[in-house]
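Chain and residue survey
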Amino acid sequence: MRPQAFNRWWLSVFLGLCLLQVLIAVIADTYCVFGIVRFPKRNFEPNTRFLKVEYLRRQPQYDAFILGSSRASFLESASARTACGSEHRYFNLSASLENGAGIRQKLEWLTRTRAVSQVIIAIDFDLQSVLGDPLDLLRQDHPLISGASNLGFYAKYLLFQPRILWIFFQGHWRATSSAPWERGNRGLEPPLYATAPLLDGARLFATTLGAARADLKGGRERRLPATGDGREEFRRTIGILERAGTHRILIVPPYRLDQYASFSIDAYTEWMGKIVADAGEIWDFSGYNAVTQDAGNYDDPLHFNEVIGDRILRRVCGASGPDVAEHFGTHVTTENIAAHLSAHRTQYASARTAMAGGLLGPTNSKGQP
């Protein structure tokens, strides 16, 4: 074979393999960001950060939002409407491993594009300052949120990921079907990810020429860069809500007792004192109480279950019910913060003693500590 012909052959093989990889990535669409080829998917979590923003672009009726990490996904939007007021349309915009910058950026976009009457935000002591991984394809924010290049966003999902594809197809072939990404917005109509039509020409345009056009136009809104400073991001969030006149409910979640006992109490009380100073008030469900010491109230060591999520929503919104008890959840303000932090130190000592004595309640089978 002549050298020129040999080189053309290898170039053809290389380009053919590249095209095959692109076709596999677009057709399988494991994270559901392309949406060009649509079919029912199961047992593999898509990028809900992207899907939820795409959904809200087409659904202007929502005026109240639940934000936070995956812990906040157990605060159901339907339960919030029941507990906090049917005059609002709630949407759960929580995201796995959400940090302070992500919450702030989402609120910037929301308040810029619609009237936001209320937000419920779960504030995480352990995640506020955690920076995202630019190659973690499960947790890439929508370009409308991050301000990143549209073409650059979609290009990441063309990366060759044989392990992810194998896990995706294994999950799809299983007889059982689960969709944990629907948690927080169960029964959403229309669904978060439509499975028809089989070929969506509008999405083909949106992910190619439409994305290029959006990049050429550029972002006209001034965007504040994300920082690794959780308190600074929190202050920015409070400023956004105050300028928009949005009512806020800020929640510190009920960390399971073993997780609470693993914190540094000095760092924890300092953090809580600062967020109360910045926000004026919060609802604190953490500490040593009947809920946090019973592992049966948790789906796994990090996530309380939906029953507890419903109790939290009824408590913060003043709804009545047999399980709405004053001992679960404290309304903390600048007036009672000193006494509350002192109580936390006492509870923390009790939690450490309880853990040393193995007093955590029955462990839920879904998550072993």
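Every value quoted in this text rests on a predicted model; they were computed, and no experiment measured them. (Residues numbered from 1 in each chain as written. Predicted model: local features only at pLDDT ≥ 70, side-chain atom pairs only at ≥ 80, totals over all residues. Heavy atoms only, no water.)

1. Points about the overall build of the protein chain
To keep things clear, this is the line we draw: Strands here are runs of E lasting at least two residues and helices are runs of H or I lasting at least four, both read from the DSSP assignment and numbered beginning at the N terminus. Throughout, radius of gyration means the C-alpha value; the globule benchmark is 2.2 Å times the number of residues raised to the power 0.38. Areas reported here follow the Shrake-Rupley algorithm with a probe of radius 1.4 Å; residue values treat only the protein chains shown as occluding.
Broken down by element type, the protein chain carries 14 helices and eight strands. Relative to the compact-globule value of 21 Å for 369 residues, the protein chain shows a C-alpha radius of gyration of 23 Å, a close match. Taking the principal axes of the C-alpha coordinates as reference, the protein chain spans close to 85 × 45 × 35 Å. A total accessible area of about 17,800 Å² is found for the protein chain, and carbon and sulfur atoms account for 58% of it.

2. Points about unusual backbone geometry
Across the junction of Glu189 and Pro190, the peptide omega takes the value -10°, indicating a cis bond. In this structure, Pro190 sits in the loop between helix 7 (162-173) and helix 8 (201-206). Notably, Asn43 is not glycine yet its phi reads approximately 65°, a positive angle. If you trace the backbone, Asn43 turns up in the loop between helix 1 (3-28) and helix 2 (48-57). Even without glycine at this site, Leu97 takes up a positive phi of about 55°. Of note, Leu97 is situated in the loop between strand 2 (90-92) and helix 4 (100-113).

3. Considerations on the layout of surface pockets
Here is the rule: Of the grid points, spaced at 1 Å and generated over the protein atoms alone, those admitting a 1.4 Å probe that cannot get out make up cavities, while open sets with protein on both sides within 12 Å along at least five of seven lines make up pockets; any residue with an atom within 4 Å of a point is treated as lining. Grid points are joined across faces, edges and corners, and a volume is the space filled by probe spheres set on the points.
Estimated volume of the largest pocket: approximately 1,000 Å³. Lining the largest pocket are 40 residues, and of these Glu54, Arg57, His142, Leu144 and Asn150 lie nearest its centre. Counting only elements with at least two residues in the lining of the largest pocket, the list comes to helix 2, helix 4, helix 5 (143-146), helix 6 (150-156), helix 8 and helix 9 (209-217). At six residues, helix 9 tops the list of elements feeding residues into the lining of the largest pocket. If you add up the space inside the second largest pocket, you get close to 520 Å³.

4. A closer look at the nonpolar core
The nonpolar side chains of a soluble globular protein tend to be buried with one another. Inclusion rule: For our purposes a nonpolar core is just a set of buried Ala, Val, Leu, Ile, Met, Phe, Trp, Tyr and Cys residues, chained together by side-chain atoms within 4.5 Å. Relative accessibility under 20% of the residue-type maximum defines a buried residue, over 50% an exposed one, and the middle range a partly exposed one, all with a 1.4 Å probe and only protein chains included.
Phe65, Phe91, Leu107, Ile121, Tyr260, Tyr268 and Ile282 are the most contacted members of the largest nonpolar core, which totals 65 residues. Among the elements that make up this core, the one with the highest residue count is helix 12 (residues 265-279) (seven residues).

5. Overview of the state of the cysteines
For the record, the criterion: Throughout, disulfides are identified as pairs of cysteine sulfur atoms within 2.5 Å of each other.
Considering all chains together, one arrives at one disulfide under this definition. Cys84 shares a disulfide with Cys317; S-S distance 1.8 Å. The sign of the 80° torsion about the S-S bond sets the Cys84-Cys317 disulfide as right-handed. Here Cys317 lies in the loop between helix 13 (306-316) and strand 8 (330-333) and Cys84 lies in helix 3 (residues 77-84), a separation of 233 residues in the sequence. We classify Cys84 as buried; its relative accessible area is 12%.

6. What about helix 4?
For clarity, the threshold we go by: Residue count minus one, scaled by 1.5 Å, sets the expected span of a helix. Note on contacts: a residue pair qualifies if any of its non-hydrogen atoms lie within 4.5 Å across the two residues. For this analysis, a polar contact is any N or O atom pair within 3.5 Å, provided that within protein one partner can donate a hydrogen and the other can accept it, and provided that sequence-adjacent residues contribute only side-chain to side-chain pairs.
In a regular helix each residue adds 1.5 Å, so 14 residues correspond to 20 Å; helix 4 covers 20 Å between its end C-alpha atoms and thus fits that length. Burial runs high along helix 4: eleven of the 14 residues are buried. Turning to helix 4, its buried residues number three or more, namely Gly100, Ala101, Gly102, Ile103, Arg104, Gln105, Lys106, Leu107, Glu108, Trp109 and Leu110. For helix 4, the secondary structure elements touched by its buried residues are helix 2, strand 1 (64-67), strand 3 (118-122), helix 5 and helix 10 (230-244). For helix 4, the capping residue at the N-terminal end is Asn99, with a side-chain oxygen 3.3 Å from the backbone nitrogen of Ala101.

7. Section: empty space enclosed by the protein
Over the atoms a probe the size of a water molecule is rolled, and this reveals where empty space is left. The test is simple: Each residue gets one of three labels, nonpolar for Ala, Val, Leu, Ile, Met, Phe, Trp, Tyr, Cys and Pro, charged for Asp, Glu, Lys and Arg, and polar for the others, Gly among them.
Taken as a whole and assessed by the stated rule, the structure comprises four cavities of 30 Å³ or more. In this structure, the largest cavity occupies an estimated 120 Å³ of space. Lining the largest cavity are Gln21, Ala25, Asp29, Thr30, Tyr31, Val33, Phe34, Tyr157, Leu159, Gln161 and Leu165. Approximately 60 Å³ is the volume attributed to the second largest cavity. What lines the second largest cavity is simply Gly100, Ile103, Ile121, Ile123, Gln128, Phe234, Thr237 and Leu250. When the residues that make up the lining of the second largest cavity are grouped by side-chain class, the tally is five nonpolar, three polar and no charged.

8. Points about the environment of Thr208
Considering the arrangement of structural elements, one finds Thr208 in the loop between helix 8 and helix 9. Separated by 182 residues in sequence, Thr208 and Val26 have C-alpha atoms that sit 12 Å apart.

9. Topic: the confidence of the model for the protein chain
For clarity, the threshold we go by: pLDDT is a residue-level measure of predictor confidence that goes from 0 to 100.
Per-residue confidence for the protein chain averages 89 on the pLDDT scale, and 92% of its residues sit at or above 70. In this model residues 363-369 is a low-confidence stretch, pLDDT under 50, and it forms 18 contacts with partners more than four residues away in sequence or in other chains.

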